[in-house]
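Survey of secondary and tertiary structure
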There are 2 protein chains.
Amino acid sequence: MDHAKTTPDWTHLRAFLSTAETGSLSAAARALCLTQPTLSRQVAALEDQLGVMLFERVGRRLDLTDAGRELLPHARDMGLAAERVALSASGQRSEISGQVRITASDITAAMFLPSVVATLRKIAPQLTIDVIASNDIQDLMRREADIAIRHQRPDQPDLVARLVLDAVGHFYAAKSYLDKRGRPTSRADLASHDWVSFGDANRMAEYLVAMDIPLTVDVFKSSSENGLVSWELARAGLGICPMDDYVAASAPDMEAVMHDDLHVTFPIWLVTHREIHTSPRIRLVYDLLAEAIAAR
Amino acid sequence: MDHAKTTPDWTHLRAFLSTAETGSLSAAARALCLTQPTLSRQVAALEDQLGVMLFERVGRRLDLTDAGRELLPHARDMGLAAERVALSASGQRSEISGQVRITASDITAAMFLPSVVATLRKIAPQLTIDVIASNDIQDLMRREADIAIRHQRPDQPDLVARLVLDAVGHFYAAKSYLDKRGRPTSRADLASHDWVSFGDANRMAEYLVAMDIPLTVDVFKSSSENGLVSWELARAGLGICPMDDYVAASAPDMEAVMHDDLHVTFPIWLVTHREIHTSPRIRLVYDLLAEAIAAR
DNA sequence: CATGATCCATACGTAAATGTATAAAGACCT
DNA sequence: AGGTCTTTATACATTTACGTATGGATCATG
């Protein structure tokens with residue numbers, strides 16, 4: 001098959017992809033660190049080579065034609081594959097070796113990190129990943145970890161922090177518990193239910209009262225400093241417990257209480273020290289974590 | 001994310017892909033209609049940009065490094081996506097419209113063509129596909145079809161024919177039939193079984209005798225000129241019937257008789273008239289059929 | 001309605017990538 | 001062993017593609 005001759009120039013395909021995704025030649029040029037005339041020529045050359053109009057020039061605007069719309073997903077596939085090449089390559093570099101220590105809450109460490117570590121190991125086989133499950137943000141300062149996933153902005157100025165996502169959580173209880181005790185429909189109802197505390201019950205009560213949930217500390221019939229244990233207590237039917245929706249989604253026996261009316265959001269910060277700017281192995285893990293969290 | 005800067009040049013990626021697949025820079029240059037020094041520079045530039053050695057220069061030979069082996073599948077993905085772009089584009093061209101008539105045996109028409117026609121319709125929405133189920137090779141000469149899928153080389157010199165595949169078939173019977181009548185283990189056994197004829201029983205007997213199967217024409221207890229009907233007769237337990245393995249695979253109730261010792265091969269020819277050289281719409285369908293048959 | 005900003009297309013000089021030519025080196029065959 | 005046919009890498013001339021500059025056109029804004 002003489003497809004070689006009919007295969008378009010890959011650079012032109014990248015130009016098409018970027019133009020279609022950014023919506024204009026100028027924006028695509030900025031994204032690719034090229035100039036607008038270059039993109040203009042590349043897209044025109046591609047159209048010429050394919051024998052198909054890809055964009056409709058209507059005024060100063062470029063609109064994808066039907067043909068362009070048909071080709072776009074395949075161009076996107078190319079782009080994704082190219083990104084995988086780049087990512088894979090960066091993991092294969094000889095500098096990417098040694099150990100990276102990631103600290104996160106016990107829940108994040110157990111429910112989220114394993115899959116990320118798996119892809120990380122695949123991308124960078126010479127890397128060793130240490131997962132440190134801890135709720136102490138000080139770890140990073142003591143240099144006991146390289147990267148931390150935390151739910152509050154660190155106040156140390158010499159740390160590099162990035163807000164990756166505002167995660168959403170709800171208040172969950174076991175379906176069996178709710179079947180027995182009834183499903184609350186108002187905030188007042190919540191005070192007559194059992195609660196499972198995440199750490200100190202007094203601090204937790206304060207937090208919930210600040211959310212306009214009128215309860216007293218004696219609703220907490222069980223508690224644990226360990227988030228996984230708290231969660232399992234709730235799953236055992238011991239009461240209501242706040243939980244990240246992402247984690248809760250893997251527990252079909254749990255149900256969100258007053259789902260549409262009651263939720264919490266909490267930031268997810270990715271924190272590291274300044275070494276990230278000089279250490280490629282930490283940078284790789286940092287970027288991959290950011291991507292994985294954002295896309296979770 | 002500043003991935004834009006780290007994303008390698010797509011042209012270089014194509015150079016890497018072609019080099020890895022052909023095994024040498026020179027071969028890649030020939031495949032891409034470029035020169036060997038160009039490929040040499042492009043691959044070197046890619047290695048430089050990625051910070052990873054992709055090939056090991058051992059003598060005059062290029063061997064993929066572990067890193068290169070890791071990247072290759074992603075580069076392949078890019079290549080496949082690029083081919084899809086090209087194919088899609090060719091289908092979107094305005095010249096690709098109108099009708100294409102494909103003739104094939106009734107079995108091929110019913111069991112294989114539908115999925116091909118589906119992808120064809122998706123690629124070239126302005127194309128109308130006529131499937132003509134017929135066992136008469138003359139159709140093409142009478143201009144009743146544009147493309148024919150046949151199992152013998154056409155003797156008309158003004159037709160363009162291409163041997164796409166040597167298909168493999170076996171002799172099949174219903175499992176229920178074999179449970180009742182026993183499974184033959186030798187060629188001699190076959191003569192005591194019932195057979196379903198594909199067309200004329202005398203011609204079929206001749207063919208089988210030529211294969212060293214010692215049977216007489218009276219073993220044919222049923223027959224049909226229609227292949228699909230013959231196959232359904234066999235499925236109904238009426239006897240043994242030769243069938244293309246590809247078709248038989250979709251009938252779990254059928255079993256190959258003496259699978260390891262007895263099989264037939266038959267060529268699959270793709271035939272068209274010379275118009276293919278001037279008609280893009282026929283060329284597209286022809287190429288797609290060839291690909292689909294080869295990859296089936 | 002006019003002004004400014006933004007976008008696309010074209011022209012031109014320049015920089016970058018390509019092709020040609022060539023050398024060195026390994027594989028294969030006699 | 002020697003010759004031939006590969007292969008890859010480098011040097012140089014040329015072509016190609018790029019960036020800068022500019023004009024025309026459209027849309028937003030005062």
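Residues numbered from 1 in each chain as written. Chains lettered and ligands numbered in written order. Predicted model: local features only at pLDDT ≥ 70, side-chain atom pairs only at ≥ 80, totals over all residues.

Considerations on the overall build of chain A
- Summing up its helical and strand segments, chain A has 13 helices and 11 strands in all.
- A compact globule built from 296 residues would reach a C-alpha radius of gyration of about 19 Å, whereas chain A, at 25 Å, exceeds it by more than 25%.
- Projected onto the principal axes, the alpha-carbon positions of chain A cover approximately 75 × 45 × 40 Å.
- Counting all 296 residues of chain A, 36% fall into the buried class. (Helix = DSSP H or I, 4+ residues; strand = E, 2+ residues; numbered from the N terminus. Rg over C-alpha atoms; globule rule 2.2 N^0.38 Å. Buried ≥ 20, exposed ≤ 12 C-beta atoms within 10 Å, placed from the backbone.)

Some points on the protein's contact with DNA strand D
- In the vicinity of DNA strand D there are 19 residues, among which Thr38 and Gly59 of chain A together with Ser24, Leu25 and Pro37 of chain B approach most closely.
- Tallying contributions element by element places helix H4 (residues 36-50) of chain A first for the surface near DNA strand D, with four residues.
- Residue composition of the surface near DNA strand D, grouped by class: six nonpolar, nine polar and four charged. (Near = placed C-beta within 6 Å. Nonpolar A, V, L, I, M, F, W, Y, C, P; charged D, E, K, R; others polar.)

Points about helix H2 (residues 10-22) of chain A
- For H2 of chain A, with 13 residues, the first-to-last C-alpha span of 18 Å sits near the 18 Å given by 1.5 Å per residue.
- Considered for burial, the residues of H2 of chain A that qualify are Trp10, His12, Leu13, Arg14, Ala15, Phe16, Leu17, Ser18, Thr19 and Ala20 of chain A.
- The elements touched by buried residues of H2 of chain A are helix H3 (25-32), H4, strand E2 (61-64) and helix H5 (66-92) of chain A together with helix H2 (10-22) and helix H5 (66-92) of chain B. (Expected span 1.5 Å × (residues − 1). Contact = placed C-beta atoms within 7 Å.)

Let's talk about the packing of H2 of chain A against H5 of chain A
Residue and element names in this part refer to chain A.
- Look at H2 against H5: their axes get within 9 Å of each other, and the N-to-C directions meet at 110 degrees. Judged by the angle between their axes, H2 and H5 are roughly perpendicular. Within the contact between the two elements, H2 uses Leu13, Phe16, Leu17 and Ala20 and H5 uses Gly68, Leu72, Ala75, Arg76, Met78 and Gly79.
- Tallied by class, residues from the contact of H2 with H5 come to seven nonpolar, two polar and one charged. (Axes fitted to C-alpha atoms, helices over the stretch in contact; angles between N-to-C directions. Parallel < 35°, antiparallel > 145°, perpendicular 65-115°, else oblique.)

Quick look at the nonpolar core
- Residues Ile147, Tyr172, Ala234, Ile240, Cys241 and Val285 of chain A are the most contacted members of the largest nonpolar core, which totals 53 residues.
- Counting contributing residues per domain, this core is built from domain 2 (98-160 + 273-294) and domain 3 (167-266) of chain A, each supplying no fewer than three.
- Excluding residues that lie within four positions of it along the chain, Ile240 of chain A makes contacts with Phe171, Ala173, His193, Asp194, Trp195, Val196, Ala234 and Val257 of chain A.
- Within the second largest apolar cluster, 52 residues are counted, among which are Ala20 and Leu32 of chain A together with Phe16 and Leu39 of chain B. (Core = buried A, V, L, I, M, F, W, Y, C linked by C-beta atoms within 7 Å. Domains from an automatic or database assignment.)

Here's the deal with the protein's contact with DNA strand C
- The environment of DNA strand C is formed by 19 residues, the closest being Ser24, Leu25 and Pro37 of chain A together with Thr38 and Gly59 of chain B.
- Within the residue set of the surface near DNA strand C, elements represented by two or more residues are H3 and H4 of chain A together with helix H4 (36-50) of chain B.
- Among the elements that line the surface near DNA strand C, the one with the most residues is H4 of chain B, at four residues.
- Of the residues contributing to the surface near DNA strand C, the split by class is six nonpolar, nine polar and four charged.

As for the interface of chain A and chain B
- The partner chain B presents 34 residues to the 34 residues of chain A that form the contact.
- Elements represented by at least two residues in the side of chain A that touches chain B include exactly helix H1 (3-6), H2, H3 and H5 of chain A.
- Ranked by residue count, the leading element in the side of chain A that touches chain B is H5 of chain A, at 16 residues.
- Tallied by class, residues from the side of chain A that touches chain B come to 19 nonpolar, eight polar and seven charged.

Here we look at the relation of the copies chain A and chain B
- Mapping chain A onto chain B leaves a residual RMSD of 0.2 Å; the transformation is a rotation of 179 degrees accompanied by 0.2 Å of translation along its axis. Both chain copies can therefore be described as sitting about a two-fold axis. Residues of chain A ranked by C-alpha distance from the rotation axis are headed by Met78 of chain A, positioned 2.2 Å from it. (Least-squares fit on C-alpha atoms with pLDDT ≥ 70 in both.)

Digging into unusual backbone geometry
- Despite not being glycine, Met258 of chain A has its phi angle at roughly 50 degrees, a positive value.
- Its place among the elements puts Met258 of chain A in the loop between strand E10 (254-256) and strand E11 (264-273).
- In this structure Met258 of chain A comes out as partly exposed when scored by C-beta crowding, with 16 C-beta atoms within 10 Å.
- With phi around 60 degrees, Cys33 of chain B is a residue other than glycine that occupies positive phi space.

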